[in-house]
Amino acid sequence: MYRQSAAFSTLLKFDFQVSVSFVILVLKEGTDVSTSDTITLSVGLPFCVVWLLLGYFAMRKEVRWLMWVFAFLALAVPAYIIYKIVLTYQDLTRDDSKTKDAALIEYALIGAGALGILVTCMLLFESMIVYRNFGKGLKERAFQAIATENTGLLSGHRR
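A short tour of the structure in this document, coming up. Just so it is clear, the model here is predicted, and its values are computed rather than measured.

So, the overall build of the protein chain
Consideration 1: A tally of regular secondary structure across the protein chain gives six helices and zero strands.
Consideration 2: Mapped from its N terminus to its C terminus, the protein chain presents α and β elements in the order α-α-α-α-α-α.
Consideration 3: A buried classification covers 32% of the 159 residues belonging to the protein chain.
Consideration 4: Intrachain contacts of the protein chain at a sequence separation of at least 6 include 72% that bridge at least 24 residues.
Consideration 5: Accessible surface, the protein chain as shown: approximately 10,000 Å² in total, 65% of it carbon and sulfur.

Written out as structure tokens, the structure reads:
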């Protein structure tokens, strides 16, 4: 049970890193930021932070409705990634005059997007497992227990 929660927490942090990397890779022009890039940064980065905190607190406090909100918001991540991958691929096939560095950034964007979709799918699968374990005592055993001989945390024995 704890192992599943730890896997969920790890995947959540990894997904956060991939999502932030993806949002930053969308800025192909570097410091020349367009209006759409400004919107992507101003919405994408706070969304990633809120989604990370939402998933963490839903798992940690075992709040069922919060986990449902987390899962519903998870649909936005692959939808945006697929949208940007399609646009990037169309841009790659349309323009043959790109420099090698510009094409490399676009290929990195496609790779980060594919990794982001994979990690999000794994995270959603793990969230289902964690959701099924709500109410089985993990919150009391792992997160709120004080290390005493009654809890078995000092001696290393489990109940």
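Once the structure has been displayed, the description carries forward.
Focus on the packing of aromatic side chains
Consideration 1: Following the criterion strictly, the structure yields seven aromatic pairs and no others.
Consideration 2: Ring geometry for F22 against Y80: centres 6.1 Å apart, planes inclined by 90°, an arrangement best described as edge-to-face. Placement of the pair is F22 in helix α1 (residues 2-25) and Y80 in helix α4 (residues 76-94), with a sequence separation of 58 residues.
Consideration 3: The class of F22 is buried, set by a relative accessible area of 3%.
Consideration 4: The exposure class of Y80 is partly exposed, given its relative accessible area of 29%.
Consideration 5: For the pair W51 and F70, a centre-to-centre distance of 4.7 Å together with 15° between the ring planes defines the contact as stacked. Here the residue W51 occupies a position in helix α2 (residues 35-61), and F70 occupies one in helix α3 (residues 64-73), the gap between them amounting to 19 residues. The burial state of W51 is the same as that of F70; both residues are buried.

Re the environment of I81
Consideration 1: If you trace the backbone, I81 turns up in helix α4.
Consideration 2: For I81, a relative accessible area of 5% translates into the label buried.
Consideration 3: A sequence separation of 58 residues divides I81 from V23, and the C-alpha atoms of the two residues are 9.4 Å apart.
Consideration 4: Among residues more than four places away in sequence, those in contact with I81 are F22, G113, G116 and I117.

As for α3
Consideration 1: Taken as a whole, α3 has its buried residues at L66, M67 and F70. For α3, the arc enclosing every buried residue in end-on projection is 100°, short of the 170-degree limit, so these residues lie on one face. Looking at α3, the residues exposed on the side facing more than 90 degrees away from the buried face are W65, W68 and F72.
Consideration 2: Looking at the buried positions of α3, the neighbouring elements they touch are α1, α2 and α5 (100-132).

Looking at the packing of α1 against α5
Consideration 1: The interhelical angle for the contact between α1 and α5, taken along N-to-C directions, is 155°, at an axis separation of 8 Å. The angle between α1 and α5 places the two elements in the roughly antiparallel class. At the point where α1 passes α5, the crossing takes the left-handed sense.
Consideration 2: Taken together, the residues that form the contact of α1 with α5 break down as 18 nonpolar, six polar and two charged.

So, the nonpolar core
Consideration 1: Counting residues in each nonpolar core, the largest one holds 15 residues, and the members touching the most others are F8, M67, F70, L123 and V130.
Consideration 2: Ranked by the residues each element gives to this core, the list is headed by α2, at four residues.
Consideration 3: Setting aside anything within four residues of it in sequence, one finds F8 in contact with G55, M59, M67, F70, L123, E126, S127 and V130.
Consideration 4: Core analysis: the next-biggest nonpolar cluster, separate from the first, contains seven residues, F22, V77, I81 and A112 among them.

Some details on the layout of surface pockets
Consideration 1: One number sums up the size of the second largest pocket: a volume of about 350 Å³.
Consideration 2: Lining the second largest pocket are 18 residues, and of these V23, T40, G44, F47 and Y80 sit closest to its centre.
Consideration 3: Contributing elements (two or more residues each) for the lining of the second largest pocket: α1, α2 and α4.
Consideration 4: By residue number, the principal contributor to the lining of the second largest pocket is α2, which donates eight residues.
Consideration 5: Grouping the amino acids of the lining of the second largest pocket by side-chain chemistry returns twelve nonpolar, four polar and two charged.

Reading the values: rules and limits
Residues numbered from 1 in each chain as written. Predicted model: local features only at pLDDT ≥ 70, side-chain atom pairs only at ≥ 80, totals over all residues. Heavy atoms only, no water. Helix = DSSP H or I, 4+ residues; strand = E, 2+ residues; numbered from the N terminus. Buried < 20%, exposed > 50% of the residue type's maximum accessible area, 1.4 Å probe, protein only. Contact = heavy atoms within 4.5 Å. Areas by Shrake-Rupley, 256 points an atom, 1.4 Å probe, with all protein chains shown as cover. Phe/Tyr/Trp six-rings, centres within 6.5 Å; stacked < 30°, edge-to-face > 60°. Arc of directions from axis to C-beta. Axes fitted to C-alpha atoms, helices over the stretch in contact; angles between N-to-C directions. Parallel < 35°, antiparallel > 145°, perpendicular 65-115°, else oblique. Left-handed = near helix turned anticlockwise from the far one by under 90°. Nonpolar A, V, L, I, M, F, W, Y, C, P; charged D, E, K, R; others polar. Core = buried A, V, L, I, M, F, W, Y, C linked by side-chain atoms within 4.5 Å. 1 Å grid on protein atoms, 1.4 Å probe; cavity = no way out; pocket = protein on both sides within 12 Å on 5 of 7 lines; lining within 4 Å. Points joined across faces, edges and corners; volume = space filled by probe spheres on them.

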